[in-house]
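Chain and residue survey
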Amino acid sequence: MGAETLLKNGEAGVQLEPKAPLILGLQPAALIDHVARVDGSLLDQIPGERGGSIPVAIEELEHILRELKRHILASADGPSPIKTMAGGSVANTIRGLSSGFGVNCGMIGAYGDDEQGQLFASNMNISGVNTSRLRKKKGTTAQCVCLVDALGNRTMRPCLSTAVKVQGDELTKGDFSGSKWLVVRYGAFNLEVNQAAIRIAKQHGVSVSLDLASFEMVRNFREPLQQLLESGDIDLCFANEDEATELLRGEQNGHPEAALEYLSKYCRWVVVTLGSNGCIAKHGQEIVQVPAIGEAKAIDATGAGDLFASGFLYGLVKGLSLEECCKVGSCSGGSVIRSLGGEVTPENWQWMYKQMQMKGLSLPDIRN
């Protein structure tokens, strides 16, 4: 690391290496999302509960993709297209921080030497994300079908088992050196690499943000999650209402406020998002409740929590108050649900900036 000497017009010049990303996202397996608005009959056919995220085999994913065309919801402009884009919770958060807020961000992970892998890397690059920590490997890239119903609620079926991914022993201190935050998502498939990344991050003074992923993940892998939380290595934790309720299932007070108190015993910042009811958050002894943006018309809830995290993290690195961080998060979370998929359109970034102005929040120093 350092400076590289170049010859320019016969004179020695110095080109500084790019700054380390301020915020890093760990997504061990790159992921491509196939997002479509579908009727309820398709959701009735596939296994698992509506609204959650359950891993499926490649055969099941391919079956759902084949069935999609017969179940596409019509709109005023005709059938909605199937949108294909780089996906995954962490990728959504990091892409939002980079493209919408102008924060220097990078991704750690691996993608396959296939069409989907190239699409993932290209999408991240175009969004301004540093991809130098992404490893290209021989094999396939993970995919996920995101099924959106008429009300904008999404059901996800990812196929991860055969995909290439980065392993814990591949991570180096150079991946984390100079960064301030590491964003990770809880997941049964990624326990080992998550733990390795968190260990290295903490050794180098990098704060860790954890998203609880889904109510099924909390339900089925509660014990390792509790161990991770109780380690004290998680600085910031995001949970939605379902995940928060599931975390304390069986307790007398299994409601979001109780989950907020439980998580705050181990994490410096805790946020529980409540959908149309906004969010509650705690830092130290301060607790705030911030309403959702009423003007946000929900076309697709995919990425709402991920983009909320983008806004909240932007607020943290800018030194905003807890309430202001939540307000920025509500603006960015509201921006992504206005169109299909977990990537905010340029028009919706402009909508978000207008919402921030109306709330008296300073705008990011970026031009979209």
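Here's a quick rundown of the structure. This is a predicted model, so every value here is computed, not measured.

It is worth spelling out the packing of helix 12 (residues 322–336) against helix 13 (residues 346–358) at this point. Across the interface, helix 12 lies against helix 13 with an axial gap of 9 Å and an inter-helix angle of 155°. On the basis of their axis angle, the class for helix 12 and helix 13 is roughly antiparallel. Where helix 12 crosses over helix 13, the two elements pack in a sense that is right-handed. Residues Val328, Cys331, Ser332, Gly334 and Ser335 of helix 12 form the contact with helix 13, whose participating residues are Asn348, Trp349, Trp351, Met352, Gln355 and Met356. When its residues are assigned to classes, the contact of helix 12 with helix 13 shows six nonpolar, five polar and no charged.

Bringing the side chain of asparagine 123 into the picture now. Tracing the sequence through the fold places asparagine 123 in helix 4 (residues 115–126). The exposure class assigned to asparagine 123 is buried, which follows from its relative accessible area of 14%. In this structure the side chain of asparagine 123 is engaged in a polar contact, spanning 2.6 Å, whose partner is the side chain of arginine 95. Excluding residues that lie within four positions of it along the chain, asparagine 123 makes contacts with Ala86, Arg95 and Glu343.

What characterises a pair of aromatic rings is the spacing of the ring centres plus the angle enclosed by the ring planes. By the definition in use, this model includes seven aromatic pairs. Judged by centre distance (5.6 Å) and plane angle (90°), the ring pair of phenylalanine 238 and phenylalanine 312 falls under edge-to-face. Highlighted residues: phenylalanine 238 in strand 14 (residues 236–240) and phenylalanine 312 in helix 11 (residues 304–317), separated in sequence by 74 residues. Phenylalanine 238 gets classed as buried once you look at its relative accessible area, which sits at 4%.

Core analysis: the biggest nonpolar cluster contains 51 residues, and Ile23, Ile94, Met107, Phe120, Leu236 and Phe312 have the highest contact counts within it. In terms of residues, this core owes the most to one element, helix 11, which gives seven residues. Those residues within four positions of leucine 236 in sequence are excluded, and the remaining contacts are Trp181, Val208, Ser209, Leu210, Trp269, Val271, Phe312, Leu313 and Leu316. Counting residues in hydrophobic clusters, the runner-up holds 43 residues, among them Leu24, Val218, Val270 and Val272.

Okay, the sheet that holds strand 7 (residues 83–87) next. Sheet architecture is open: four strands sit in the order 7-4-10-11, paired in mixed fashion. The sheet is open, and its two borders are formed by strand 7 and strand 11 (154–159), each paired with just one other strand. Averaged over neighbouring strand pairs, the angle between their axes works out to 25° when direction is ignored. Of the strand pairs in this sheet, strand 4 (residues 31–37) and strand 10 (residues 142–148) are connected by seven bridges, and their pairing is parallel. Bridged to aspartate 33 within strand 10 is cysteine 144. Running over the sheet, helix 2 (residues 58–68) touches strand 4, strand 10 and strand 11 and is turned about 40° from strand 10. Sheet strands touched by helix 4: strand 4, strand 7 and strand 10. Its angle to strand 7, the strand with the most contacts, is close to 70°.

With that settled, consider the environment of phenylalanine 308. By the element assignment, phenylalanine 308 lies in helix 11. Separated by 20 residues in the primary sequence, phenylalanine 308 and valine 328 place their C-alpha atoms 7.7 Å from one another.

Basis of the calculations
- Residues numbered from 1 in each chain as written.
- Predicted model: local features only at pLDDT ≥ 70, side-chain atom pairs only at ≥ 80, totals over all residues.
- Heavy atoms only, no water.
- Axes fitted to C-alpha atoms, helices over the stretch in contact; angles between N-to-C directions.
- Helix = DSSP H or I, 4+ residues; strand = E, 2+ residues; numbered from the N terminus.
- Parallel < 35°, antiparallel > 145°, perpendicular 65-115°, else oblique.
- Left-handed = near helix turned anticlockwise from the far one by under 90°.
- Contact = heavy atoms within 4.5 Å.
- Nonpolar A, V, L, I, M, F, W, Y, C, P; charged D, E, K, R; others polar.
- Buried < 20%, exposed > 50% of the residue type's maximum accessible area, 1.4 Å probe, protein only.
- Polar contact = N/O pair within 3.5 Å; in protein donor to acceptor, adjacent residues only side chain to side chain.
- Phe/Tyr/Trp six-rings, centres within 6.5 Å; stacked < 30°, edge-to-face > 60°.
- Core = buried A, V, L, I, M, F, W, Y, C linked by side-chain atoms within 4.5 Å.
- Pairing = 2+ DSSP bridges.

Keep in mind these numbers describe shape, not what the thing actually does.
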